[in-house]
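# Structure assessment
Residues per chain are reported as follows:
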Amino acid sequence: MDVLFNRDKKEQLEPVKARVTGRIPTWLRGTLLRNGPGMHMVGETRYNHWFDGLALLHSFTIRDGEVHYRSKYLRSDTYNANIEANRIVVSEFGTMAYPDPCKNIFSKALSYLSHIIPNFTDNCLINIMKCGEDFYATTETNYIRKINPQTLETLEKVDYHKYVSIHLATSHPHYDAAGNVINMGTSILDKGKTKYVIFKIPATVPEDRMKKKSPLKHMKVICSIDSHSHLSPSYYHSFGFTENYIVFLEQPFKLDILKMATAYTRGVSWASCLTFHREDKTYIHVIDQRTGKPMPTKFYTDPMVVFHHVNAYEEDGCLLFDVIAYKDSSLYQCFYLANLMQDLEENFKFTSIPTLQRFAVPLCMDKNAEVGSNLIKLTSTTARALKEKDDQVYCQPELLSEGLEMPRINYALNGKPYRYVFAAEVQWHPIPNKIVKYDILTKSSLKWGEEHCWPSEPLFVPTPGAKDEDDGIILSAIISSDPQKTPFLLILDARSFTELARAYVDVEIHMDLHGLFIPDADLDLKKQFPSQEVEDKASDSHAASQTGQA
């Protein structure tokens, strides 16, 4: 695992041409843009958790059967401060940074005060978000960073909090039919209350004659939901979405705000303030987008931890949603670097494996239904919703499959009935070694795997004009624990799951998290992005020796 996790990656600032074997479909033209941690050591200091590493963007540009690869560290304020100091000086969720012992007492006092109500990091290492014509690197704080998807240059920093009162936000937004961004975040103790805030960013806004207006300045709150505990809000990584409804799971994986406020002085990380409460319920909130109000029925299920929603849709008066669920929070613990340095198969395993589960909730309550009766009458699922007293409904899921993570679908069917899930296969340890096409209808699967190869999240790209759900290709960046194996971009036929091509890249590639495919039609290839990278250029030269030694 040392090759995968314990080696900081060099940037590849200039595009390098890949060696292609097989045949890439001629219609495939665009850029696979992905994000993930690439540097875990700055100077003599090291991050504790893999999710803390400095964001490294990378891209595969595909045109006319050729592939070019490049990578670049996100020049966030966090990156620049760390590189300038040659040590970690900005705290991440799993790593608390402390002032240089040589600093004066005034600087130290300011550092302590800044961590009581944290000014979170802008190390946006998780995903890429499309907003209007622009693209942003995202994380789970209130900051996002605009980027140039062609050159990977870092542009301006955006603070959600200036437009919507949130301190945390997901890195898995949804896009409605009009291209509007739907996302949600947590507002911590705003006017004494902690709330979950669902908001919309319009795809387009009326242009000012003098200057272009950003859609971000036109954010609109759809709904706010009070946290069950104002001092212990739920952690969540994603949510469900249909044309008319939003599904939010308030799970008992909670962040203790009081402990978080004192974490710095106690010498512990913010991650230590996150606890799974196995005695609590998971509350299911269903919000009607048309009214902006949550359904009054109190839906709940057993305690669980969900990082990734797969899809959701409406069927015959019911809302169905599919998630990857765990019985505890062991996944997060797995990714501490001290654990990843072990032989995971021998020394560190999940205490629960991920399961693909389907839930169903009734959108209209039968007031005459007896207590204990199942409110779901669908024949398409065995998921149940059992009526209880006091307007409560206990939801029991249908188990669809086990051992899947990093799920993707044909996004044209997001919020609609669908059949196929494309995912990474994981079992009792968190690192995938296969990618899977799972058929929900037949409960069967097709797989791709190769010895010593570790695939990234499989991303589906539809064939132009496709009518069938699986008419397209799968893209996955493959790295290897065998230093003799060259990393490559894998291209599969999504229908048969057979290999079409590989694009070998003779440079180091890092294990990433999430990303998207940008068709050339969505990029103005002649567009000149505004030059706002003065800091970039300065930090490029400053960091050259640092990244060259990584």
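Heads up: the structure comes first, above all this text.
Described in the following lines is the structure provided in the data block.

Definitions and cut-offs
Residues numbered from 1 in each chain as written. Predicted model: local features only at pLDDT ≥ 70, side-chain atom pairs only at ≥ 80, totals over all residues. Heavy atoms only, no water. Pairing = 2+ DSSP bridges. Helix = DSSP H or I, 4+ residues; strand = E, 2+ residues; numbered from the N terminus. Axes fitted to C-alpha atoms, helices over the stretch in contact; angles between N-to-C directions. Salt bridge = Lys/Arg side-chain N within 4 Å of Asp/Glu carboxyl O. Buried < 20%, exposed > 50% of the residue type's maximum accessible area, 1.4 Å probe, protein only. Polar contact = N/O pair within 3.5 Å; in protein donor to acceptor, adjacent residues only side chain to side chain. Contact = heavy atoms within 4.5 Å. Core = buried A, V, L, I, M, F, W, Y, C linked by side-chain atoms within 4.5 Å. Phe/Tyr/Trp six-rings, centres within 6.5 Å; stacked < 30°, edge-to-face > 60°. Lys NZ or Arg CZ within 6 Å of the ring centre and 35° of its normal.

## Details of the sheet that holds strand β10 (residues 143–147)
- Read from one edge to the other, the open sheet built from four strands follows the order β8-β9-β10-β11, with strand pairing classed as antiparallel. Across the chains shown, the open sheet's two edge strands, defined by having one partner strand only, are β8 (127–131) and β11 (154–159). Along the sheet, successive strands turn relative to each other by an average axial angle of 35°, direction set aside.
- Relative to β11, β10 is paired through four bridges, and the arrangement is antiparallel.

## Notes on the pattern of salt bridges
- Across all of its chains, the model carries 27 salt bridges by this definition.
- E153 is the partner of K72 in a salt bridge, and the nearest nitrogen-oxygen pair spans 4.0 Å. Highlighted residues: K72 in strand β7 (residues 66–73) and E153 in the loop between β10 and β11, separated in sequence by 81 residues.
- Its relative accessible area of 3% is what places K72 among the buried residues.
- Counted as one network, the salt bridges with shared partners bring together K437, D468, D470, D471 and R495.

## What about the side chain of R34?
- Along the chain, R34 turns up in strand β3 (residues 30–39).
- There is a polar contact of 2.7 Å between the side chain of R34 and the side chain of D512.
- Leaving out residues up to four positions away in the same chain, R34 has contacts with L56, L57, H58, S456, E457, L459, D512, L513, H514 and G515.

## Structural notes on the nonpolar core
- Judged by nonpolar contacts, the single largest core of 103 residues is most densely connected at F60, I284, V286, F321, L475 and L489.
- Per-element tally for this core: the top contributor is strand β25 (residues 318–326), with eight residues.
- M129, C131, A169 and V197 belong to the second largest nonpolar core, which has 15 residues in total.

## Points about the packing of aromatic side chains
- Tallied over the entire structure, the rule returns 22 aromatic pairs.
- Judged by centre distance (5.8 Å) and plane angle (25°), the ring pair of Y73 and Y79 falls under stacked. The pair Y73 / Y79 is uniform in exposure class, with both members buried.
- An aromatic cluster of three or more residues is present, and its members are W50, F51, Y332, F335 and Y336.
- Here the guanidinium or amino end of K157 rests over the ring plane of Y143, the centre of that ring lying 4.2 Å away.
- Looking at K281, its charged tip hangs above the ring of Y300, at a distance of 4.2 Å from the centre.

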